[in-house]
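If you want the building blocks of each chain, they are given just below.
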Amino acid sequence: MMSEISKETQAKFDQGIVESIWSENGELSYVIKDGLNIEEYAIVIKEVLESQKEIAHDFAGTVTNESRTAFAKFEYKSGWFLEGLADGEIE
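Summarised in this report is the structure supplied together with it. The shown structure was predicted, so the numbers you read here are calculated from the model rather than taken from an experiment.

Glancing now at the sheet that holds strand E4 (residues 71–76). Ordered in space as E1-E2-E3-E4, the 4 strands form an open sheet in which the pairing is mixed. The outermost strands of the open sheet, each flanked by one partner alone, are strand E1 (17–22) and E4. Geometrically, the sheet is characterised by an average inter-axis angle of 20° between neighbouring strands, direction not taken into account. Sheet analysis places strand E3 (residues 59–65) next to E4, joined by 6 bridges and oriented antiparallel. Note that in E4 the partner of Thr-62 across the bridge is Lys-73. Relative to E1, helix H1 (residues 7–16) is tilted by about 80°, and along the sheet it contacts E1 and strand E2 (28–32). Sheet contacts for helix H2 (residues 38–52): E1, E2, E3 and E4; angle to E4, the most-contacted strand, approximately 25°.

And the structure:
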């Protein structure tokens with residue numbers, strides 16, 4: 001089930017993202033258009049991903065611009081209720 005995010009936040013995400021890249025470790029990186037605020041997009045990306053709840057594990061992601069001159073990190077929290085089950089946290 002998706003949480004609600006504003007249409008403006010979704011539009012900003014859709015308009016600014018150039019590419020998404022998955023690492024072998026299961027971490028996600030995004031490339032955004034040059035000239036956009038890296039820190040602001042790290043927050044936007046986190047909000048959009050957490051609203052979609054499609055990724056079941058927590059991870060640290062990164063955002064960089066097309067020219068690779070700036071980057072920021074974000075912490076994604078899946079919020080999946082079964083996540084602790086494998087670790088024996090939920091019985």
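Looking at the secondary structure, you find Phe-74 in strand E4. Given the relative accessible area of 4%, Phe-74 is considered buried. Put simply, Phe-74 and Ile-45 are 29 residues apart on the chain and 8.3 Å apart in space, counted from C-alpha to C-alpha. Here Phe-74 is in contact with Leu-28, Tyr-30, Ala-42, Ile-45, Lys-46, Leu-49, Phe-59, Ala-60, Gly-61, Thr-62 and Val-63, once residues within four sequence places are set aside.

Strand residues, when the strand is regular, have side chains that alternate between the two faces of the sheet. Within E3, 5 of the 7 residues are buried, which leaves it mostly tucked inside the rest of the structure. Following the chain from E2 across H2 to the adjacent parallel E3, one finds a crossover that is right-handed. In textbook terms, the turn of a hairpin is the stretch between consecutive antiparallel strands, and for E3 and E4 this stretch comprises 5 residues, one of which, Arg-68, has a positive phi near 60°.

Cut-offs applied
Residues numbered from 1 in each chain as written. Predicted model: local features only at pLDDT ≥ 70, side-chain atom pairs only at ≥ 80, totals over all residues. Heavy atoms only, no water. Pairing = 2+ DSSP bridges. Helix = DSSP H or I, 4+ residues; strand = E, 2+ residues; numbered from the N terminus. Axes fitted to C-alpha atoms, helices over the stretch in contact; angles between N-to-C directions. Contact = heavy atoms within 4.5 Å. Buried < 20%, exposed > 50% of the residue type's maximum accessible area, 1.4 Å probe, protein only. Right-handed = clockwise from strand over helix to strand, strands pointing away.

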